[in-house]
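Here is what each chain is made of, one letter per residue.
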Amino acid sequence: MSTIVTDTHSAHDAHDHHDHHPKGIKRWLFTTNHKDIGTMYLWFSLIMFFVGGSMALMIRAELFQPGMQIVDPHFFNQMTTMHGVIMVFGAVMPAFVGLANWMIPMMIGAPDMALPRMNNWSFWILPFAFLIMLSSFFMPGGAPAFGWTFYAPLSTTYSTDSTALFVFSMHIMGMSSIMGAINVIVTIMNMRAPGMSYMKMPLFVWTWFITAFLLIAVMPVLAGVVTMVLTDKYFGTAFFDAAGGGDPVLFQHLFWFFGHPEVYIMILPSFGIVSAIIPAFARKPLFGYASMVYATAAIAGLSFLVWAHHMFTTGMPTFASLFFMYMTMLIAVPTGVKVFNWVSTMWRGAMTFETPMLFSLAFVVLFTIGGFSGIMLAITPVDYQYHDTYFVVAHFHYVLVSGAVFSIMAAAYYWLPKWSGVMYDTFLSKLHFWCSLISVNILFFPMHFVGLAGMPRRIPDYALQFADINAIVSVGGFLFGFSQLIFLAVCIKCALKKGEPAPAKPWEGAEGLEWTVPSPAPYHTFDVPPVIK
Amino acid sequence: MNVRLTRLLLALSALSVSATASAEQSLQLNLTRGVTNISNKVYDLHMLVFYICLAIGVIVFGAMFWSILRHRKSRGVKPATFHDNVKVEIAWTIIPFLILFAMAVPATITLIKMDDTSDSDISVLVTGSQWRWHYSYLEYDVEYQSIMATPREQIYGRLPQTENYLLEVDRPLVIPTGKKVRFLITSDDVIHSWWVPEFAVKKDANPGYINEAWTRVDEPGIYRGQCAELCGRDHAFMPVVVIAKEPADFEAWIRGEEERLRTAREEEQRLLSMQMSMDELMELGQQTYMAQCAACHQPNGQGIPGVFPGLAGVGVSVGDQQAHIDVVVNGARGTAMQAYRNTLSMRELAAVITYERNAWGNNTGDMVQAADIHHFIQGNQ
């Protein structure tokens, strides 16, 4: 990574001459272009972010005061379920796939993704998956109300018929993810520019490469477990029913065998993004590139050995509890290495604080706080107290919102000039950052307290001693939610090309092949591969 | 609203000076120490890990903010070019490992103690079902169910909320102090989780399987908790209340309970031959319906479309009486409708079925007597 020297003037000549594509809706329906598909993924994820976010606001509105004021408890459960499903599968994952589509070919000097038609399909089945999922709101009994973790038998015997739609749309999302992952792996293995060895790849490419293997490994497990839910509910099987020789805890083992790698699927690409941005604005090479790669691989490997830490209260043998506790604690080591590396990259650099850097710095601090509560949750005896309380809600929102989502924002602000060709509104972007930073902490930090004090998660109403903190959290929720409209405004302005034209390389310290092509990036880049020495 | 606003401001100031403020108002911001040896150990472990994390946070964030303040381009610094240091990297791999080891040792010791349910003095079978707990003392002839006592009027804002809002039950679990009490935890329907923070006991209730947990409470008192695992619509309304009494008081209480249950059973047998009037049936029926059935079928008998069937003007309540008795007594397999044979007395069963057949304009005029239920159950066997 340290010696990317490019020879791209011949590639530049080739640009702009092949910009033939259908106009209007056909361009987007039939496109096989990685940039178009990346753009669609990113817009789709932004829309889903607002859909899932409005559900979160509904949850926070009901929880502003004790007592039931706005929604029925059953509808509340639909909100928590769909908020989780949409944010995980509709917002965060598609955003990362969108970034992968846009950036991986440009970062490795490839003209496109390796399997462009499959790329088109893997995007276009997604909106239908979510239409099916959201249409369940209009069924009798409403949408799924069993939590995004859909524990059996609440999701089988005791669920409404929306389960069938839930299962079907999960299958489609899974197919989309698997295809996306195959595409990333094939692209990276086969289409790197001459001279770009594995250990010269940017870390975003590396982290996505590892993420893609995780996806291929665990998405079939998810497909299996949703199918078992379907057959338990409709076809008389008893995988999760003790009366037929099954076990409801088996569901949790299968789900979390998918679910734990899944949470790393949602954070490893963030590590790659932040590892690109911090060196750029510290004007200093990334500290410990090789150890970053090994740490990512170690985290991915360990992610298969920790799933039952979500299940300490299900009644495991002591030996199993101990094994999963030790394995979980071990994850702190490679994750710590990453944080130390980022701080060392800043150390004795010459930092400036443009918006992508601000989001990345916030990421490092807030993700680390989420990591600390993660270590606390790993300690089995104490987890008995934390489990299924707001402490857990605080923990995973710190790593997923101020972690994954902040890194996606950082990525958008870093690469928007390259995507759109215009410089976004700096004032608005900084306003967005400060509003988000302050409100995200008002929203999620007090959740730690209310969780420690004993408030369970997924409840629409709570005891009086939790009232004050819930009111604060709700205020934070609305502030954070509305702050995101600033981001929408920034994106729309860029899409409408309102702003100063961006140079090929708008950031002084940025490195990588994507900055060697003009802004906006031409429809086709690197038809002639660059040579990396 | 003004009161709320002041409380909100108070809470905000409490957050900013956290520990000191929490002592003044009863705003709890930290884990409870609890009232058992184990819960104290758990609390200490929690604080140990918290302080370790705090120390690491101060060092890491300190270095980061130092960099942000000093190593900024606007101060005219020239960036260094180093990008590797094997010694440092080995050090910050090994040191965290050692810190984790230091946490793992006390955690392991505590966990092994928590999981050791042997040599218990008494055992209670705890059974969760939507949305109540059922307690059965294995050494005594005592069992009963425990339902949230907070009235719906408080939940829906028609009455002011009282101190133990959502954390009060009609019949708490009673245990003796100073004795090792073993809980056998299971469920009749979905997964629930039985949690009392002050005991540091949280264990899932899995249908078809039995989990074990234990506690030894030293101080008499009332301890409150909740169901911790999402178990459907009224998951929030499934509190756990445990009263710990001195062993002598406990003994007196449980003997009294045994006596009470015995006379109640004898009374029931005696009453089998007695006919209740429509008014009596409807009154007891409404009481029973509101406590047992209204959570799903709703107080107005409308149910929730697509989730819980309505009873007003449709279904078994206006159809065949024997089928109606069957579904209430035996439940409906494969649905959320549970069997009430063991949770309700025959009088209550008779009354609630009569109520359902005559309330909300159903007006079938049918009366079901305890004897009918008795015959039905006899005929079933």
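Residues numbered from 1 in each chain as written. Chains lettered and ligands numbered in written order. Predicted model: local features only at pLDDT ≥ 70, side-chain atom pairs only at ≥ 80, totals over all residues.

Chemist: Even after reading the chapter, I still don't get the overall build of chain A, so can you show me in this structure?
Modeler: Counting its secondary structure elements, chain A contains 17 helices and zero strands. If one aligns the C-alpha atoms of chain A with their principal axes, the spans along those axes are about 70 × 50 × 45 Å. The buried share among the 533 residues of chain A stands at 63%. Within chain A, residue pairs in contact and separated by at least 24 positions form 84% of the contacts whose partners lie at least 6 positions apart. (Helix = DSSP H or I, 4+ residues; strand = E, 2+ residues; numbered from the N terminus. Buried ≥ 20, exposed ≤ 12 C-beta atoms within 10 Å, placed from the backbone. Contact = placed C-beta atoms within 7 Å.)

Chemist: Explain the overall build of chain B here, please?
Modeler: A tally of helices and strands in chain B yields eleven helices and ten strands. Here the C-alpha radius of gyration of chain B, 28 Å, is well above what a compact globule of 381 residues would show, namely 21 Å. Considered along the principal axes of its C-alpha atoms, chain B spans approximately 95 × 50 × 40 Å. Residue burial in chain B is summarised as follows: out of 381 residues, 37% are buried. (Rg over C-alpha atoms; globule rule 2.2 N^0.38 Å.)

Chemist: Just checking my understanding: could you explain the sheet that holds strand β5 (residues 181-187) of chain B for this structure?
Modeler: Two modes of strand pairing occur in sheets, parallel and antiparallel, and in both the strands are linked by backbone hydrogen bonds. Residue and element names in this part refer to chain B. The five strands are arranged β3-β2-β1-β5-β8 in an open sheet whose pairing can be described as mixed. Two strands bound the open sheet, and with one partner strand each, they are β3 (142-146) and β8 (211-215). With strand direction ignored, the average angle separating the axes of adjacent strands in the sheet is 25 degrees. As paired elements, strand β2 (residues 132-137) and β3 share five bridges and run antiparallel to each other. Among the inter-strand pairings, S136 is bridged to a residue of β3, identified as E143. (Pairing = 2+ DSSP bridges. Axes fitted to C-alpha atoms, helices over the stretch in contact; angles between N-to-C directions.)

Chemist: Even after reading the chapter, I still don't get the UniProt feature "domain: Cytochrome oxidase subunit I profile" (unreviewed entry) in chain A, so can you show me in this structure?
Modeler: With numbering aligned to this structure, UniProt lists the feature "domain: Cytochrome oxidase subunit I profile" (unreviewed entry) at residues 28-533 of chain A. The span residues 28-533 of chain A carries 68% helix and 0% strand; its end-to-end C-alpha distance comes to 37 Å. (UniProt positions renumbered as here; feature names shortened; annotations may be inferred.)

Chemist: Explanation requested: the interface of chain A and chain B in the structure shown.
Modeler: Interface size is often expressed as the accessible area that is lost when the parts come together. Each partner contributes to the interface: chain A provides 87 residues, whereas chain B provides 86 residues. Take the side of chain A that touches chain B: its biggest share by element is eight residues, from helix α12 (residues 332-346) of chain A. Class assignment for the residues of the side of chain A that touches chain B results in 54 nonpolar, 26 polar and seven charged. (Nonpolar A, V, L, I, M, F, W, Y, C, P; charged D, E, K, R; others polar.)

Chemist: Mind showing me how you'd approach the environment of K493 of chain A here?
Modeler: Residues and elements named next belong to chain A. In this structure, K493 sits in helix α17 (residues 467-495). Classification of K493 as partly exposed rests on a count of 17 C-beta atoms within 10 Å. With 248 residues separating them along the chain, K493 and G245 place their C-alpha atoms 59 Å apart. Not counting residues up to four positions away in its chain, the partners in contact with K493 are Y424, D425, K498 and G499.

Chemist: Just checking my understanding: could you explain the UniProt feature "coiled-coil region" (unreviewed entry) in chain B for this structure?
Modeler: Under the present numbering, the feature "coiled-coil region" (unreviewed entry) in UniProt falls on residues 254-284 of chain B. Each end of residues 254-284 of chain B is marked by a C-alpha atom, and these two atoms are 27 Å apart; helix forms 81% of the span and strand 0%.

Chemist: Sorry, what's going on with the confidence of the model for chain A here?
Modeler: For any part of a model where pLDDT is low, the fine detail of the predicted coordinates should not be relied upon. The pLDDT averaged across chain A works out to 94; a share of 96% of its residues lies at or above 70. Counting interchain partners and residues more than four positions distant, the pLDDT-below-50 stretch residues 1-16 of chain A has 32 contacts. (pLDDT = per-residue confidence, 0-100.)

Chemist: What should I look at first to understand the sheet that holds strand β6 (residues 192-196) of chain B in this one?
Modeler: Residues and elements named next belong to chain B. Strands sit in the order β4-β10-β9-β6-β7 across an open sheet of five strands; the sheet is mixed. Looking along the sheet, the strands with just one partner apiece sit at the ends: β4 (173-176) and β7 (201-205). Strand-to-strand, the axes of this sheet are offset by a mean angle of 25 degrees, without reference to chain direction. By the bridge criterion, six bridges tie strand β9 (residues 221-227) to strand β10 (residues 239-245) in an arrangement that is antiparallel. Residue pairing for β10: R224 is matched across the bridge by V241. Most of the contacts of helix α6 (residues 247-271) go to β4, to which it runs at about 135 degrees, and overall it touches β4 and β10.

Chemist: What is the right way to read the UniProt feature "domain: Cytochrome oxidase subunit II copper A binding" (unreviewed entry) in chain B from this model?
Modeler: According to UniProt, the positions carrying the feature "domain: Cytochrome oxidase subunit II copper A binding" (unreviewed entry) are residues 119-256 of chain B. The span residues 119-256 of chain B is 10% helical and 43% strand by assignment, and the distance between its end C-alpha atoms comes to 26 Å.

Chemist: I'm lost on the pairing of β2 of chain B in this one. Help?
Modeler: Residue and element names in this part refer to chain B. Both strand β1 (residues 122-129) and β2 contribute to a ladder of six bridges, which runs antiparallel. Looking at β2, one finds that G128 is bridged to W133. In textbook terms, the turn of a hairpin is the stretch between consecutive antiparallel strands, and for β1 and β2 this stretch comprises two residues. Joining the antiparallel neighbours β2 and β3 is a turn of four residues.

Chemist: Would you mind showing me how to read unusual backbone geometry here?
Modeler: A negative phi angle is the norm for most residues apart from glycine, just as the trans form is the norm for most peptide bonds. Residue P520 of chain A is reached from S519 of chain A by a cis peptide bond, and omega for that bond is -5 degrees. With an omega dihedral of -5 degrees, the bond running from Q130 of chain B to W131 of chain B counts as a cis peptide bond. Looking at the secondary structure, you find W131 of chain B in the loop between β1 and β2. Backbone geometry places F150 of chain A, a non-glycine residue, at a positive phi of 30 degrees. The residue F150 of chain A is located in the loop between α5 (116-135) and α6 (162-190) in this model.

Chemist: Whenever I open this one, the confidence of the model for chain B confuses me. Can you help?
Modeler: All names here are of chain B. On average, residues of chain B score 88 in pLDDT, and 93% of them are at 70 or above. When the criterion is pLDDT under 50, residues 14-25 qualifies, and its contacts beyond four places in sequence or with other chains add up to eleven contacts. Confidence metrics for the complex model read pTM 0.91 and ipTM 0.91.

Chemist: What is the right way to look at the domain arrangement of chain B in this model?
Modeler: By the assigned domains, chain B splits into domain 1 (37-114), domain 2 (122-266) and domain 3 (274-380). Here the C-alpha centroids of domain 2 of chain B and domain 3 of chain B sit 26 Å apart. (Domains from an automatic or database assignment.)

Chemist: Is there a simple way to think about α6 of chain B in this case?
Modeler: Side chains that are three or four residues apart share a direction in an α-helix, a result of its 3.6 residues per turn. The end-to-end C-alpha distance of α6 of chain B is 35 Å, a good match for the 36 Å that 25 residues give at a rise of 1.5 Å each. Counting buried residues in α6 of chain B gives two out of 25 residues, a small share hidden from the surface. (Expected span 1.5 Å × (residues − 1).)

Chemist: How should the nonpolar core be read in this particular structure?
Modeler: Nonpolar side chains in soluble globular proteins tend to be buried together. Residues and elements named next belong to chain A. By size, the foremost hydrophobic cluster in this structure holds 275 residues, and its most contacted members are V92, V205, I277 and A410. No other element matches helix α4 (residues 73-108), which puts 22 residues into this core. Aside from chain neighbours lying at most four places away, what touches V92 is M87, M266, L400, A404 and V405. (Core = buried A, V, L, I, M, F, W, Y, C linked by C-beta atoms within 7 Å.)

Chemist: Looking at this structure, how should I read the packing of α4 of chain A against helix α7 (residues 203-234) of chain A?
Modeler: Packed helices, taken two at a time, are described by their axes: the angle between them and the distance between them. Residues and elements named next belong to chain A. The geometry of α4 relative to α7 is characterised by a closest axis approach of 10 Å and an angle of 120 degrees between their N-to-C directions. Judged by the inter-axis angle, α4 sits oblique to α7. Our pair here, α4 against α7, has a crossing hand that is left-handed. On α7, the residues touching A100, M103, I104, M107 and I108 of α4 are F204, V205 and W208. When grouped by side-chain class, the residues that make up the contact of α4 with α7 number eight nonpolar, no polar and no charged. (Parallel < 35°, antiparallel > 145°, perpendicular 65-115°, else oblique. Left-handed = near helix turned anticlockwise from the far one by under 90°.)

Chemist: Hey, could you run me through the environment of P460 of chain A in this one?
Modeler: Counting through the fold element by element, P460 of chain A comes out in the loop between α16 (426-452) and α17. Each C-alpha atom, one on P460 of chain A and one on D72 of chain A, is 8.5 Å from the other, the two residues being 388 residues apart in sequence. If we ignore the near neighbours within four places in the chain, the residues touching P460 of chain A are E62, M68, P73 and F76 of chain A together with A236 of chain B.

Chemist: Where do I start with the packing of α7 of chain A against helix α8 (residues 248-265) of chain A in this structure?
Modeler: All names here are of chain A. It is at 9 Å that the axes of α7 and α8 come closest, and there the two elements cross at 155 degrees. One finds that α7 runs roughly antiparallel with respect to α8. The crossing of α7 and α8 is left-handed. Note on element contacts: α8 touches α7 through F251, L254, F255, F257, F258, P261, E262, Y264 and I265, opposite T211, L214, L215, A217, V218, V221, L222, G224 and V225.

Chemist: Can you help me understand the environment of L99 of chain A in this one?
Modeler: For L99 of chain A, the position within the fold is in helix α4. Excluding residues that lie within four positions of it along the chain, L99 of chain A makes contacts with P269 and A411 of chain A.

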